[in-house]
Amino acid sequence: MEEPRNKPIFGKYVFGTAAGIHQQGMLSDPGTYEYVEPARFGRERSLLIGRHSGPDGPAAAVMHCLPGAKAPSHLHPGFELIYVLSGELETDGGVYAAGSLLVMPPNSVHAPRSPKGCVGLVVWERPVQVV
């Protein structure tokens, strides 16, 4: 039996937030909106990416790089995850083929490129800053 989404403490999304201002608070200090740790109830904190995330919140996109595509060098204030679906993506750290997962930690800088072209799923914790 599936739990109702709005069931207090034990609901599936009780520790999830979709509003941008709440997401920023959660990223800065989880205690801002949680009076108990999610793990206490066997749950995890989640940021629900959607139209209410706001311009400073998390985002996701499918990137389609044509052969020869280059992105400007940029800083990651939060995590960035790139899952390469097809083709190859290059960074100063190497060449990443289909099935590769790149994890860019906070405060990292890179300038990805794709000489052969690629398709990937990108998830940003916070918007990147061009440097």
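Residues numbered from 1 in each chain as written. Predicted model: local features only at pLDDT ≥ 70, side-chain atom pairs only at ≥ 80, totals over all residues. Heavy atoms only, no water.

Asker: Help me understand the overall build of the chain, please; the structure alone is not making it clear to me.
Answerer: Of regular secondary structure, the chain possesses 1 helix and 12 strands. Counted from the first residue to the last, the chain has its helices and strands arranged as β-α-β-β-β-β-β-β-β-β-β-β-β. Buried positions account for 27% of the 131 residues belonging to the chain. Contacts in the chain between residues far apart in sequence, at least 24 positions, make up 68% of those at least 6 positions apart. (Helix = DSSP H or I, 4+ residues; strand = E, 2+ residues; numbered from the N terminus. Buried < 20%, exposed > 50% of the residue type's maximum accessible area, 1.4 Å probe, protein only. Contact = heavy atoms within 4.5 Å.)

Asker: Explanation requested: the environment of Leu102 in the structure shown.
Answerer: Take Leu102: it is sitting in strand 8 (residues 101-104). Measuring from C-alpha to C-alpha, the distance between Leu102 and Ile82 comes to 5.1 Å, with 20 residues separating the pair along the chain. The residues touching Leu102, leaving out its near neighbours within four places in the chain, are Glu80, Leu81, Ile82, Val84, Leu89, Thr91 and Tyr96.

Asker: I would appreciate a short explanation of the side chain of His110 in the present structure.
Answerer: Tracing the sequence through the fold places His110 in strand 9 (residues 108-110). The exposure class assigned to His110 is buried, which follows from its relative accessible area of 6%. Side-chain polar atoms of His110 contact the side chain of His76, separated by 3.0 Å. For His110, the residues in contact, after removing those within four places along its chain, are Pro72, Ser73, His74, His76, Glu80, Ile82, Thr91 and Met104. (Polar contact = N/O pair within 3.5 Å; in protein donor to acceptor, adjacent residues only side chain to side chain.)

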